[in-house]
Amino acid sequence: MQISYAPLQRKRAVWLFALSVFLLSLLVLRLAWLQFVRGPELRERALAVRLRDIPVEAKRGTIYDRTGRELAISIDVDSVYAIPSQVRDKTATSVLLADTLGLDKAFVMERLQSDQSFVWIKRKISSDQAAVLRAAGVAGVSLTQESKRVYPNNQLACHVLGFAGIDSQGLEGVEYQYDSVLRGVPGWISIEYDARGQEIPDAVHRYFAPTDGLSLVLTIDQTIQYICERELALAVANHGAKAGSILVMDPRNGEILAMANYPYYDPNQYGIYPSEFRRNGIVVDTYSPGSTFKPVVAAAALEEHVVSWNDTFLCEGSVLIGNRRIHCWETRGHEEQTLLQVLENSCNVGFMEIAARLGIAKFYQYVEAFGLTSRTGVDLPGEAKGLIIPENKAKPLDLAVMSFGQSLTVTPLQLVSALCAIANGGTLYQPHVAKELRTADGRVVERYSSEIETSVIAARTAAELNDALESVVEQGTGRRAFIDGYQLAGKTGTAQKIVDGAIAADQYVSSFIGFGPTRDAQVCALVILDEPTGDHYGGQIAGPVFRTIMQEIYRYLGIPVVTEGS
């Protein structure tokens, strides 16, 4: 019998055909999935393999003084980068780059041998260096434009401005404090290369434009800043001081007009200076204020009515507190004095009695109210706050010593803010250095208003104390700050420094704080000289500096001078 295989062969053919159709369908579905569903994603991934991103830095916003003069600007400069896979002769290229850019040949060779698709060789080079590299036309080495921070006035206001780093990031001062608005948003250029790492002519090039930063207008006045820096440098040199500071504020609103710390540094070359040169001592350091603290004690006592201008105080040169004798700076004593004379003579014994009448609780209440135990909130980085013995541990001896500004510390900024409250009629303002944020075309984005912290004393108390402080300048310890017709009020200060937890016998901080005009204060200033040699009393060496800067500020601002008969 003959067996037929035809049905079996047809059955196999049908199954084979069905399997082929099934596999082909899977292939079509897979192709459709890759083409239509994942197509855009895969195209982007393939493109990413062929593209190199070249960063385009945003231009940092300009910083202006209050009158619109430029304090910090950004200029366009060239930076050198390499695509290692495109560099044909790495040895010759490394020699050329090292010689032109002043770099170590081994460093450049290491960069060129990197397996990265993009490496920086040197950032922000000179125009002459850029011209040499453009003329050489080295394969795999290119230039891109970046932004470089420049401070056209060099050291002027260096401690306020701070500086920006190689990546245009703010590192100190307002450059750091307002980095997020000054810095902008960087962009980039994407260039397409083939499998051998060669740029494809007329291929895909993408440009993502950077967003430049906003510009910042400060409360600082360039002219007043220059006056303060010039006079501070002279004073430090003339008196052999270790360092010095001058702070000028507008007591009507807390705006900082000038802030100078000596020694200075040039933010264009900040790396060549010791780190301590870059320290903004007015904000980040505390010191014993000495007798410049006495107006706060007097204001508290007058406000609490524990003293009056008719009271008298006996000074015999010292007073016994517990088992310790505390001396006045005038060891012979001032004899019997009125409250006004206690201020004029800066009598320590008189102020110890005033503080005793005030009492520990009220003393601490006003020290806190004047902002001397907390940070001011100034818009500068690293602010410190004053140190004082905890109230629950304070003894009568501590109160006596604190009454003339020892055994406690404040920042210069805290002290000036407190005196501004006395000068303006009793209102404590938050100090600040930023005035406005603007776009590149000058449109104002944000204005920084002065915040009123609190009212600390009555206007009448402030007015009486202001007249007394004017008398200190006219016929008291502040006579060297006197200028006929200028209506200046102020207070001298001489404090012994604390070294290794003990009072140093021959190291002093000499200072003068004051304001003017007395009855319509527009300018408040503090002068500090750290460890002067020879004369060390604040009235003798800091008072004349205050007089000079106030005289020039009056002339610059056009503040009227009172003449006889007016």
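Everything here concerns the structure above.
Report on the accompanying structure.

**Thoughts on the overall build of the protein**
Reasoning step 1: Counting its regular elements, the protein contains 18 helices and 25 strands.
Reasoning step 2: Here the C-alpha atoms of the protein give a radius of gyration of 35 Å, more than 25% beyond the 24 Å that 2.2 N^0.38 yields for 566 residues.
Reasoning step 3: With respect to the principal axes defined by its C-alpha atoms, the protein has extents near 150 × 65 × 50 Å.
Reasoning step 4: Of all 566 residues assigned to the protein, the portion counted as buried reaches 50%.

**What to know about helix 3 (residues 90-101)**
Reasoning step 1: Helix length check: helix 3 (twelve residues) gives 16 Å between terminal C-alpha atoms against 16 Å at 1.5 Å per residue, within 8%.
Reasoning step 2: Among the residues of helix 3, Thr93, Ser94, Leu97, Ala98, Thr100 and Leu101 are the ones counted as buried.
Reasoning step 3: Structurally, helix 3 contributes buried residues whose contacts are with strand 3 (70-82), helix 4 (105-112), strand 4 (119-125), helix 5 (127-136) and strand 5 (141-150).
Reasoning step 4: Looking one or two places after helix 3, you find Gly102, whose phi comes out positive at around 70°.

**Notes on the environment of Thr548**
Reasoning step 1: Mapped onto the elements of the fold, Thr548 is located in helix 18 (residues 538-557).
Reasoning step 2: Considered as a pair, Thr548 and Phe482 are 66 residues apart in the sequence and their alpha carbons are 9.9 Å apart.

**Let's talk about the nonpolar core**
Reasoning step 1: Ranked by size, the top nonpolar core spans 127 residues in total, and within it Val174, Leu216, Val248, Phe363 and Phe370 carry the most contacts.
Reasoning step 2: If one sorts the elements of this core by residue count, helix 16 (residues 412-423) sits on top with nine residues.
Reasoning step 3: Residues within four places of Leu216 in sequence aside, it is in contact with Thr62, Ile63, Tyr64, Val174, Tyr178, Leu182, Ala434, Glu436, Leu437 and Tyr448.
Reasoning step 4: Val87, Leu101, Val108 and Ile125 belong to the second largest nonpolar core, which has 15 residues in total.

**Considerations on the pairing of strand 14 (residues 318-321)**
Regular strands show a simple pattern: their side chains alternate between the two faces of the sheet.
Reasoning step 1: Examined bridge by bridge, strand 14 and strand 15 (residues 324-327) share four bridges and lie antiparallel to one another. By the bridge assignment, Ile321 is partnered in strand 15 with Arg324.
Reasoning step 2: The loop that links strand 14 with its antiparallel partner strand 15 comprises two residues; one of these, Gly322, has a positive phi angle of about 65°.

**Focus on a nonpolar patch on the surface**
Reasoning step 1: Together, Leu19, Phe22, Leu23, Leu26 and Leu29 make up an exposed nonpolar region whose accessible area comes to about 510 Å².
Reasoning step 2: Mapped onto the elements of the fold, Leu19 is located in helix 1 (residues 6-37).
Reasoning step 3: Using a relative accessible area of 45% as the deciding quantity, one classes Leu19 as partly exposed.

**Some points on the pattern of salt bridges**
Reasoning step 1: Applying the stated criterion across every chain, the model contains 30 salt bridges.
Reasoning step 2: Close ionic contact of Asp99 with Lys105 constitutes a salt bridge, the shortest N to O distance being 3.4 Å.
Reasoning step 3: Among the ionic contacts, a cluster of salt bridges with common partners joins Arg60, Arg149, Glu175, Asp179 and Arg183.

**Here we look at the packing of helix 3 against helix 4**
Reasoning step 1: Running from amino to carboxyl end, helix 3 crosses helix 4 at an angle of 130°, the nearest separation of the two axes being 9 Å. Comparing the axis directions of helix 3 and helix 4 gives the class oblique. The way helix 3 lies across helix 4 gives a crossing that is right-handed. Across from Lys90, Thr91, Thr93, Ser94, Val95, Leu97, Ala98 and Asp99 in helix 3, the residues of helix 4 making contact are Lys105, Val108, Met109 and Leu112.
Reasoning step 2: Tallied by class, the residues present in the contact of helix 3 with helix 4 amount to six nonpolar, three polar and three charged.

**Concerning the packing of helix 3 against helix 5**
Reasoning step 1: Two elements in contact, helix 3 and helix 5, have axes whose closest approach is 10 Å; the angle formed by their N-to-C orientations is 160°. Looking at the two axes, helix 3 sits roughly antiparallel to helix 5. Classified by chirality, the crossing of helix 5 by helix 3 is right-handed. Along its contact with helix 3, which presents Leu96, Leu97, Thr100 and Leu101, the element helix 5 presents Gln129, Val132, Leu133 and Ala136.
Reasoning step 2: In terms of residue class, the contact of helix 3 with helix 5 is made up of six nonpolar, two polar and no charged.

**Points about the side chain of Lys491**
Reasoning step 1: By the element assignment, Lys491 lies in strand 23 (residues 489-499).
Reasoning step 2: Despite its burial, Lys491 remains without a salt bridge, the nearest opposite charge being carried by Glu344 at 11 Å.
Reasoning step 3: Here Thr492 takes part through its side chain, which lies 3.4 Å from a polar atom of the side chain of Lys491.

**Re the environment of Phe512**
Reasoning step 1: Of note, Phe512 is situated in strand 24 (residues 502-516).
Reasoning step 2: For the pair Phe512 and Asp76, spaced 436 residues apart in sequence, the C-alpha separation works out to 45 Å.
Reasoning step 3: Setting aside anything within four residues of it in sequence, one finds Phe512 in contact with Val473, Gly478, Ala481, Gly490, Lys491, Thr492, Ala525, Leu526, Val527, Ala542, Gly543 and Phe546.

**Points about the packing of aromatic side chains**
Reasoning step 1: Tallying each qualifying case throughout the model produces 14 aromatic pairs.
Reasoning step 2: Measuring from centroid to centroid gives 5.3 Å for Phe118 and Trp120, while their planes differ by 80°, and the two rings are edge-to-face.
Reasoning step 3: Judged by relative accessible area, which is 16%, Phe118 ranks as buried.
Reasoning step 4: Here the aromatic rings of Tyr273 and Phe277 are separated by 6.3 Å at their centres, their planes lie at 40°, and the arrangement is tilted.

**Considerations on the state of the cysteines**
Working definition of a disulfide: a covalent bond connecting the sulfur atoms of two cysteines.
Reasoning step 1: Applying the stated criterion across every chain, the model contains zero disulfides.
Reasoning step 2: In this structure Cys315 is not part of a disulfide, and its nearest cysteine sulfur, from Cys347, lies 3.5 Å away.
Reasoning step 3: In this structure Cys315 comes out as buried when scored by relative accessible area, which is 0%.

**Observations concerning unusual backbone geometry**
Reasoning step 1: Here Tyr262 and Pro263 are connected by a cis peptide whose omega angle stands at 10°.
Reasoning step 2: Note that the residue after Gly516, namely Pro517, is joined by a cis bond; omega there is -15°.
Reasoning step 3: Within the fold, Pro517 resides in the loop between strand 24 and strand 25 (523-530).
Reasoning step 4: Despite not being glycine, Gln487 has its phi angle at roughly 45°, a positive value.
Reasoning step 5: For Glu531, which is not a glycine, the phi torsion comes out positive at approximately 55°.
Reasoning step 6: Examined against the element boundaries, Glu531 turns out to sit in the loop between strand 25 and helix 18.

**As for the environment of Leu419**
Reasoning step 1: Following the sequence through the fold, Leu419 ends up in helix 16.
Reasoning step 2: Looking at Leu419, the relative accessible area reads 5%, which means it is buried.
Reasoning step 3: For the pair formed by Leu419 and Pro251, sequence separation is 168 residues and the distance between their alpha carbons is 8.3 Å.
Reasoning step 4: What Leu419 contacts, discounting residues up to four positions off in sequence, is Pro295, Leu469, Ile513, Gly514, Phe515 and Cys524.

Cut-offs used in this document
Residues numbered from 1 in each chain as written. Predicted model: local features only at pLDDT ≥ 70, side-chain atom pairs only at ≥ 80, totals over all residues. Heavy atoms only, no water. Helix = DSSP H or I, 4+ residues; strand = E, 2+ residues; numbered from the N terminus. Rg over C-alpha atoms; globule rule 2.2 N^0.38 Å. Buried < 20%, exposed > 50% of the residue type's maximum accessible area, 1.4 Å probe, protein only. Expected span 1.5 Å × (residues − 1). Contact = heavy atoms within 4.5 Å. Core = buried A, V, L, I, M, F, W, Y, C linked by side-chain atoms within 4.5 Å. Pairing = 2+ DSSP bridges. Patch = residues over 30% accessible without salt bridge, like charges linked within 9 Å, V, L, I, M, F, W, Y side chains within 5 Å. Areas by Shrake-Rupley, 256 points an atom, 1.4 Å probe, with all protein chains shown as cover. Salt bridge = Lys/Arg side-chain N within 4 Å of Asp/Glu carboxyl O. Axes fitted to C-alpha atoms, helices over the stretch in contact; angles between N-to-C directions. Parallel < 35°, antiparallel > 145°, perpendicular 65-115°, else oblique. Left-handed = near helix turned anticlockwise from the far one by under 90°. Nonpolar A, V, L, I, M, F, W, Y, C, P; charged D, E, K, R; others polar. Lys, Arg positive; Asp, Glu negative; His and termini not counted. Polar contact = N/O pair within 3.5 Å; in protein donor to acceptor, adjacent residues only side chain to side chain. Phe/Tyr/Trp six-rings, centres within 6.5 Å; stacked < 30°, edge-to-face > 60°. Disulfide = S-S within 2.5 Å.

Geometry only, nothing functional implied.
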